[in-house]
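Residue-level structure breakdown
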Amino acid sequence: MAEPTVAAAPATRPVPQLVSVPLGLVRAARPRQWVKNVLVVAAPAAAGQLASRHTAVQLGIVFLLFTAAAAAVYLVNDARDADADRAHPVKCRRPVAAGDVPVSVAYGTGGVLALGALAGGAALCNTLTAALLAAYLAMQFAYCLRLKHVLVVDLAVVTTGFVMRAMIGGVALGIPLSRWFLITTGFGALFMVAAKRYSEAVQMKGGGATRVLLTEYTTGYLRFVWQLAAGVAVLGYCLWALENSGTWRQLSTIAFILAVLRYAVFADRGTAGAPEDVVLRDRPLAVIGLAWLAMYGMAVADL
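Presented here is a report on the structure given in the accompanying data block.

The rules behind the values
- Residues numbered from 1 in each chain as written.
- Predicted model: local features only at pLDDT ≥ 70, side-chain atom pairs only at ≥ 80, totals over all residues.
- Heavy atoms only, no water.
- Buried < 20%, exposed > 50% of the residue type's maximum accessible area, 1.4 Å probe, protein only.
- Helix = DSSP H or I, 4+ residues; strand = E, 2+ residues; numbered from the N terminus.
- Contact = heavy atoms within 4.5 Å.
- Expected span 1.5 Å × (residues − 1).
- Bend = angle between axes of the 7 residues up to and from the residue.
- Phe/Tyr/Trp six-rings, centres within 6.5 Å; stacked < 30°, edge-to-face > 60°.
- Lys NZ or Arg CZ within 6 Å of the ring centre and 35° of its normal.

1. Quick look at unusual backbone geometry
Phi at Arg30 takes a positive value of approximately 60 degrees, unusual for a residue other than glycine. Overall, the relative accessible area of 17% leaves Arg30 in the buried class.

2. Remarks on the environment of Gly120
Within the secondary structure layout, Gly120 lies in helix α6 (residues 103–125). A residue is classified by how much of its surface remains accessible, and Gly120, at 10% relative accessible area, is buried. Spatially, the C-alpha atom of Gly120 lies 6.9 Å from that of Leu65, the residues being 55 residues apart in sequence. The contacts of Gly120, once residues within four sequence positions are left out, are Leu65 and Cys125.

3. Section: helix α8 (residues 153–173)
Helix length check: α8 (21 residues) gives 30 Å between terminal C-alpha atoms against 30 Å at 1.5 Å per residue, within 8%. Its maximal kink placed at Met167, α8 deviates by approximately 35 degrees. Looking one or two places after α8, you find Gly174, whose phi comes out positive at around 70 degrees.

4. Here we look at the packing of aromatic side chains
Inspection of every chain in the model, using the stated rule, returns 9 aromatic pairs. On the numbers, 6.3 Å between centres and 65 degrees between planes, the contact of Tyr198 with Trp226 is edge-to-face. Pair noted here: Tyr198 is in helix α9 (residues 179–205) and Trp226 is in helix α10 (residues 219–242), with a separation of 28 residues, a long-range link. As far as burial versus exposure is concerned, Tyr198 and Trp226 are alike and both buried. An aromatic cluster of three or more residues is present, and its members are Tyr237, Trp240, Phe256, Trp292 and Tyr296. The ring of Phe162 carries the charged tip of Arg165 above its face, separated from the ring centre by 5.5 Å. Here Arg269 stacks its cationic end above the ring of Phe266, 5.9 Å away from the centre of that ring.

Here you go:
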């Protein structure tokens, strides 16, 4: 009796390189991190100048330019660290380390995006916008090459990147930046950065993979930094709000303080290693944020 023939399983067709490389480049550009670039609206929002179509268009352009600049930094960083990332249990999945994107392509695309962001800033906004983007790129590339291995300086560089995001919308639109705005933004960013490092240090003690520099920090020091930064950010916001006579602006300090306290819960637990996840997934924090937006919106509308 003849044995029944078994149909061979269809071979898995490899994804064409024409498709896999662009997809890998998009993944290497960290789309989940793009939410940080929404900070470009911070300065116009603080000044109450979001109502015009011109402002909306300019902020859209600035968002795209900063996203391109940040993507350039991610690509160059991954290309430079490809060999080290391949030995890392998590980073080995990054497109460049995994071989989905050739190192030369990552470098080339990063260079094109960086130059495009600078040219776009000069042509579509103003010289100061291009200068701020150039400063951001120079600082971040220096961070990739050396500064991420220098104690305290690494915290300052990452914090400054957030502050530049918050500044660039005002720079592009010619809006003066309040000293209280810069203090609150700067120390608020330092709070989140130090909380992230603290969470990574806590996870490292439990055996989780993390960055090498954290072996040089103590959890006590990082806790001190995020607690100090949180206090200064709250103080700066309160002084800004209370120097104005608007009731809603003053009441918004309650929501701001509650938001800081809520985020500090995750920082204290050592679970603030991914700030975007905390902000987007925690419902109480989202409700507090919406309450703050509502009160601040009424303050801007002078209701």
